[in-house]
Amino acid sequence: MRRFPLSVRVLLVNQFGVNTGFYLLIPYLATHLGDLGLSVATIGVVLGVRTLSQQGLFLLGGSASDRLGPRRIIIAGCAIRAIGFGLFAAGESVAVLLAASVLSGLAGALFNPAVRAYIAEESSDRAGAFALFNIYGQAGALTGPLLGSLLMLWDFRIAALVAAGIFAVLTVVQAVVLPARPAPPHQGTVLDDWRECLADRRFLAFTGALTGMFVLQNQLYLVLPLEARRLTDSALAVAAVFLVSTVATLLFQVRITKALKRMARGRVIALGLAVMGLGFVATAVSHVGPLGGITPVLVAALLLSVGVMIAHPFVYELIPAFGRTGLAGTYFGVFYLVSGVAAALGNAAIGWVFGRSGWVASLLCVAIGLGCAAAVARLHRRGVLAKNREVAR
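What you are looking at is a predicted structure, and each value in this text was computed from that prediction instead of being measured.

K.L.:
I'm lost on the overall build of the protein chain in this one. Help?
P.N.:
For the protein chain, the count of helices and strands is 18 helices and zero strands. Over its C-alpha atoms the protein chain spans a radius of gyration of 20 Å, differing by no more than 12% from the 21 Å that the globule rule assigns to 393 residues. Dimensions of the protein chain, computed from the C-alpha atoms along their principal axes, are close to 55 × 50 × 40 Å. Split into buried and exposed, the 393 residues of the protein chain put 53% on the buried side. Residue pairs in contact within the protein chain that sit at least 24 positions apart in sequence constitute 84% of those at least 6 positions apart. Of the roughly 16400 Å² of accessible surface on the protein chain, 67% is carried by carbon and sulfur atoms.

K.L.:
Sorry, what's going on with the state of the cysteines here?
P.N.:
Here, the word disulfide means a covalent bond between the sulfur atoms of two cysteines. What the rule picks out here adds up to zero disulfides. Between cysteine 197, a free cysteine, and cysteine 372, which holds the nearest cysteine sulfur, the sulfur-to-sulfur gap is 19 Å. Residue cysteine 197 is classed as buried on the basis of its relative accessible area of 0%. As a non-bridged cysteine, cysteine 372 has cysteine 365 as the owner of its nearest cysteine sulfur, 11 Å distant.

K.L.:
How should I be thinking about helix H11 (residues 223–232) in this particular structure?
P.N.:
The periodicity of an α-helix, 3.6 residues per turn, causes residues three or four places apart in sequence to face the same way. For H11, the complete set of buried residues consists of Val223, Leu224, Pro225, Glu227 and Ala228. Looking one or two residues past H11, aspartate 233 carries a phi angle of roughly 55 degrees, positive in sign.

K.L.:
Sorry, what's going on with the nonpolar core here?
P.N.:
Among the nonpolar cores identified, the biggest contains 117 residues, and Phe206, Leu210, Ile269 and Val315 are the most heavily contacted of them. By residue number, the principal contributor to this core is helix H15 (residues 295–322), which donates 14 residues. Not counting residues up to four positions away in its chain, the partners in contact with leucine 210 are Ile269, Leu273, Val315, Phe335 and Val376.

K.L.:
I'm lost on the environment of arginine 202 in this one. Help?
P.N.:
Mapped onto the secondary structure, arginine 202 falls in helix H10 (residues 201–217). You can call arginine 202 partly exposed: its relative accessible area is 37%. Separated by 177 residues in sequence, arginine 202 and leucine 379 have C-alpha atoms that sit 8.5 Å apart.

K.L.:
What is the right way to read the packing of aromatic side chains from this model?
P.N.:
Any aromatic ring pair is given by two values, namely how distant the centres are and how the planes are angled relative to each other. One pass over the structure, following the stated rule, counts 17 aromatic pairs. With 6.3 Å between their ring centres and 50 degrees between their planes, tyrosine 316 and tyrosine 336 make a pair best called tilted. Taken together, the residues span a long stretch of sequence, with tyrosine 316 in helix H15 and tyrosine 336 in helix H16 (residues 328–356) at a distance of 20 residues. Of the two residues, tyrosine 316 and tyrosine 336, neither departs from the other in class, the shared state being buried. Each member of the aromatic cluster is reached from another via a ring pair, and the members are Phe58, Phe130, Phe133, Phe203, Phe206, Phe214, Tyr316, Phe322, Tyr331, Phe332, Phe335 and Tyr336.

K.L.:
Quick question: what am I supposed to make of the packing of H10 against helix H17 (residues 358–381) here?
P.N.:
Each pair of packed helices can be summarised by the angle the axes make with each other and by the distance between the axes. With their axes 9 Å apart at the nearest point, H10 and H17 run at an angle of 155 degrees to one another. The angle between the axes of H10 and H17 places the two elements in the roughly antiparallel class. Considering the relative orientation of H10 and H17, their crossing is left-handed. Contact with H10, carried on its side by Ala205, Phe206, Ala209, Leu210, Gly212, Val215 and Leu216, involves Cys365, Ile368, Gly369, Cys372, Ala375, Val376 and Leu379 of H17 and no other residues of that element.

K.L.:
Any chance you could explain the environment of arginine 265 here in plain terms?
P.N.:
Mapped onto the elements, arginine 265 comes out in helix H13 (residues 265–278). For arginine 265, a relative accessible area of 7% puts it in the buried group. Here the alpha-carbon distance between arginine 265 and alanine 377, two residues 112 residues apart in the chain, equals 9.8 Å. Within the structure, the side chain of arginine 265 is placed 2.7 Å from the side chain of glutamate 317, a separation counted as a polar contact.

K.L.:
Just to check I follow, could you spell out the pattern of salt bridges for this structure?
P.N.:
When the charged atoms of two side chains with opposite charge come close together, those side chains can pair. Summed over all chains, the structure comprises nine salt bridges. The closest approach of N and O atoms between lysine 261 and aspartate 125, which form a salt bridge, is 2.5 Å. Pair noted here: lysine 261 is in the loop between helix H12 (235–260) and H13 and aspartate 125 is in the loop between helix H6 (94–122) and helix H7 (126–151), with a separation of 136 residues, a long-range link. Given a relative accessible area of 23%, lysine 261 falls into the partly exposed group.

K.L.:
Honestly, the side chain of aspartate 125 in this entry has me stumped. Any pointers?
P.N.:
Take aspartate 125: its relative accessible area is 13%, and that puts it in the buried class. At a separation of 3.4 Å, a polar atom in the side chain of aspartate 125 contacts the side chain of arginine 3. Within the structure, aspartate 125 has its side chain in polar contact with the side chain of lysine 261 (distance 2.5 Å). Every residue in contact with aspartate 125, bar those within four places of it in the chain, is listed here: Arg3, Phe4 and Lys261.

K.L.:
Would you mind going over the confidence of the model for the protein chain with me for this structure?
P.N.:
Reading fine detail from the predicted coordinates is not recommended where pLDDT is low. The predicted model of the protein chain has a mean per-residue pLDDT of 86, with 96% of residues at 70 or higher. In the model of the protein chain, helix H18 (residues 389–392) stands out as the element of lowest mean pLDDT, 44, in contrast to H13, which has the highest, 95. Here residues 388–393 scores under 50 on pLDDT; set against residues more than four positions off or in separate chains, the count is 16 contacts.

K.L.:
Help me out: how do you make sense of a nonpolar patch on the surface in this one?
P.N.:
A cluster of nonpolar side chains, Leu6, Val169, Val172, Val173, Val176 and Val177, forms an exposed patch at the surface whose accessible area comes to about 500 Å². With five residues, the top contributor of residues to the nonpolar patch is helix H8 (residues 156–177). You can see valine 169 is positioned in helix H8.

Reading the values: the criteria
- Residues numbered from 1 in each chain as written.
- Predicted model: local features only at pLDDT ≥ 70, side-chain atom pairs only at ≥ 80, totals over all residues.
- Heavy atoms only, no water.
- Helix = DSSP H or I, 4+ residues; strand = E, 2+ residues; numbered from the N terminus.
- Rg over C-alpha atoms; globule rule 2.2 N^0.38 Å.
- Buried < 20%, exposed > 50% of the residue type's maximum accessible area, 1.4 Å probe, protein only.
- Contact = heavy atoms within 4.5 Å.
- Areas by Shrake-Rupley, 256 points an atom, 1.4 Å probe, with all protein chains shown as cover.
- Disulfide = S-S within 2.5 Å.
- Core = buried A, V, L, I, M, F, W, Y, C linked by side-chain atoms within 4.5 Å.
- Phe/Tyr/Trp six-rings, centres within 6.5 Å; stacked < 30°, edge-to-face > 60°.
- Axes fitted to C-alpha atoms, helices over the stretch in contact; angles between N-to-C directions.
- Parallel < 35°, antiparallel > 145°, perpendicular 65-115°, else oblique.
- Left-handed = near helix turned anticlockwise from the far one by under 90°.
- Polar contact = N/O pair within 3.5 Å; in protein donor to acceptor, adjacent residues only side chain to side chain.
- Salt bridge = Lys/Arg side-chain N within 4 Å of Asp/Glu carboxyl O.
- pLDDT = per-residue confidence, 0-100.
- Patch = residues over 30% accessible without salt bridge, like charges linked within 9 Å, V, L, I, M, F, W, Y side chains within 5 Å.

Encoded structure:
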């Protein structure tokens, strides 16, 4: 971390805190809503509103980061999430719970693009910074549920207040420590920025080719837990899937990124997508014959994580390189918006297929990984990723 400026170090620790606070609360929210007597349909609406408000507003968050400066938007996002999580602790009516969901989602839409834009602007080694960013995020994703499970022994409201407190502390720390950077002057309107980004065919082709990365990442929460339960009928097996993914990231992310820095970015990203897809060969084969209990799922989880470690830092390195200076937030916002929609549709499709055949669902995941890898490799051969030659090589 000492290689990076203070602003990047603060945001790395911030990502640990963000994921700790988020995963401390959200995995237990559905159970709490059920305890309040809400119907399954209402619970789905409350949870869906949070996701929709976040995914649908990423573009606004990215534009706000460009126009007002990422520091202000990061601080505002953390403060709004503190309020939203606080409402989950205080409210029992559907109206209050919906307000809490909207605010929580809006907060994510604000600080997610802004944090990445700030890191991209401040880092001379973007890939290395985003590799550490992934590690801190995974550490928070592991710490949050563990802390949440302990707090839930007392009461959901205590867990919600602790989560809100974490975001309140992050708000204060960033307001005090995070260096202010003036936003570059902009000519034209926000709509002009959106038109410029959406007219960038290279970027849109890259974004489309990367949709499979987010679809496959989400199978850590869908296909792999379902396969683990099918093979072992044990909740501990599901926990083992997440443990393998987290530990692998903590141990190998920086090493993998360092080893691949000399390679062309398009080839590295294509390799990562292919590895992610090929991991699901193990779960597909598990439907043919016995392969030693949970072993196929753990192999798939490991390869999925390795593929993400290969591709993820270099994807985030390339995104701001497509646009001009001052539009990094907008480009991240568009990328997240498209990826979020693709992940939702992909999850729905894969879930539907899994309900009919787990074997076919695994093969579909293999096809998505290899298809997107081929698309990225083709963009690389055509020179689409070489707009910034120093980055894309």
